[in-house]
Amino acid sequence: MEKWLYKGGECSSIEELPENLHGFVYKITNLDTSKIYIGRKILHNTLTKKLTKKELAEQTGPGRKPTKKKVIKESNWLSYWGSNKLLLEDIKVLGKDRFEREILHLTTSKKQLTYYEIHYQCTHNVLGIDSYNDNILGKFYRKDLEV
C-alpha cells in the first residue's frame, strides 16, 4: 500500500486529510544519499467530459444545450512519485523502499500551493545542494547560479 508521512504519522487515504484542500507540497528523500526532491501535488482533477446520448436526450427547455460537463475526481496523489526524470529513474533502480515521501504543507488554493512550493524549495536550498530539483518554477535554474 502506498503511503505518505504526515505530521509524524502515515497517511494512506484522502479521508485522513482535512476537507477543502487543493493540494500539498511534498519532499521525497533518497534514504541512501539524503538527496531530496521538493514538489507539489493537487488532490483533485477537474475533467471536462462529453455528455452521453442519454444525458443529451434528457435535456429539456428552450435555448442552447450544453454538450459537456465538468467532473471532479481524486488525482493519483497516493501513488505519485514526482515528475523529475532522475528521481523516477533512481526509484526504478533502487526501489520505492529506499525513498521516503513526506507531506510538508497542505494548501487550500492554487496560489498557496505555488507559494509554498517555492518557499520550501528556497528554504531547503534545492539549487545550491545536490538535489533532484534542477529549477524553481521553470524560471530559476541551477546552471544560472554556477559561476
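In this numbering scheme, every chain counts its residues from 1 along its sequence in written order. Since the coordinates come from a predicted model, pLDDT governs what is reported: local features require at least 70, and pairs of side-chain atoms require 80 or more to be given and counted, while whole-chain, interface and lining totals use all residues. Based on all heavy atoms of the structure, the side-chain values leave hydrogens and waters out of the count.

A. Spotlight on the packing of aromatic side chains. Stacked, tilted and edge-to-face are the three classes assigned to paired rings of Phe, Tyr and Trp, where Trp is represented by its six-membered ring and a pair needs centres within 6.5 Å; plane angles under 30 degrees give stacked, over 60 edge-to-face, the rest tilted. Across all of its chains, the model carries 7 aromatic pairs by this definition. Taking 5.4 Å as the distance between ring centres and 65° as the angle between the ring planes, the aromatic pair formed by Trp4 and Tyr26 counts as edge-to-face. With Trp4 in strand β1 (residues 4-6) and Tyr26 in strand β3 (residues 23-30), this residue pair connects regions lying 22 residues apart in the sequence. Per-residue accessibility, obtained with a 1.4 Å probe over protein chains only, is compared with the maximum for each type, and a residue is labelled buried under 20%, exposed over 50%, and partly exposed between these values. A relative accessible area of 0% places Trp4 in the buried class. Between Tyr26 and Tyr37, the ring centres sit 6.2 Å apart and the planes meet at 45°, which makes this aromatic pair tilted. On the criterion of sequence distance, the pair formed by Tyr26 in strand β3 and Tyr37 in strand β4 (residues 36-42) is long-range, its members being 11 residues apart. We classify Tyr26 as buried; its relative accessible area is 1%. Put simply, the rings of Trp4, Phe24, Tyr26, Tyr37, Trp77 and Tyr80 pair up and form one aromatic cluster. Our definition puts a charge over a ring when NZ of Lys or CZ of Arg is within 6 Å of the ring centre and also within 35 degrees of the ring normal. Here the basic side chain of Lys35 rests over the ring of Tyr132, its NZ or CZ set 4.6 Å away from the ring centre. Over the ring of Trp81 we find Arg101; its NZ or CZ atom is 4.4 Å from the centre of that ring. Runs of H or I in DSSP of at least four residues are treated as helices and runs of E of at least two as strands, each being numbered from the N terminus.

B. Quick peek at helix α2 (residues 85-94). Contacts described as polar in this section are N or O atom pairs within 3.5 Å, which, within protein, must combine one atom able to donate a hydrogen with one able to accept it, while residues neighboring in sequence count only if both atoms come from side chains. The backbone nitrogen of Leu86 lies 3.0 Å from a side-chain oxygen of the residue at the head of α2, namely Asn84. With its phi angle positive at about 100°, Gly95 sits one or two positions after the end of α2.

C. Region of interest: the layout of surface pockets. The way it works is a 1 Å grid over only the protein atoms, where trapped points that fit a 1.4 Å probe form a cavity and open points with protein on both sides within 12 Å along at least five of seven lines form a pocket, and then any residue with an atom within 4 Å of a point lines it. Grid points are joined across faces, edges and corners, and a volume is the space filled by probe spheres set on the points. Space inside the largest pocket adds up to approximately 220 Å³. Around the largest pocket, the lining comprises 15 residues; the ones closest to its centre are Tyr37, Ser83, Glu117, Gln121 and Asn133. Contributing elements (two or more residues each) for the lining of the largest pocket: β4 and α3 (110-123). Looking at the lining of the largest pocket, the element that brings in the most residues is β4, giving 4 residues. Gly falls in the polar group here, along with every residue not listed as nonpolar (Ala, Val, Leu, Ile, Met, Phe, Trp, Tyr, Cys, Pro) or charged (Asp, Glu, Lys, Arg). For the lining of the largest pocket, a count of residues per class yields 5 nonpolar, 7 polar and 3 charged. As for the second largest pocket, its lining consists of 12 residues, and the residues nearest its centre are Lys3, Trp81, Phe99, Glu100 and Arg101. Those elements that provide at least two residues to the lining of the second largest pocket are β1 and β7 (99-107). Among the elements that make up the lining of the second largest pocket, the one with the highest residue count is β7 (3 residues). Residues that form the lining of the second largest pocket fall into these classes: 6 nonpolar, no polar and 6 charged.

D. Inspection of the side chain of Thr29 at higher detail. When you line up the elements, Thr29 lands in strand β3. Among the residues examined, Thr29 registers a relative accessible area of 13% and is labelled buried. Contact criterion: two residues are considered in contact whenever any of their non-hydrogen atoms come within 4.5 Å of each other. Setting aside anything within four residues of it in sequence, one finds Thr29 in contact with Ser34, Lys35, Ile36, Arg98, Phe99 and Glu100.

In short, the description is geometric, and any link to function would need to be established separately.
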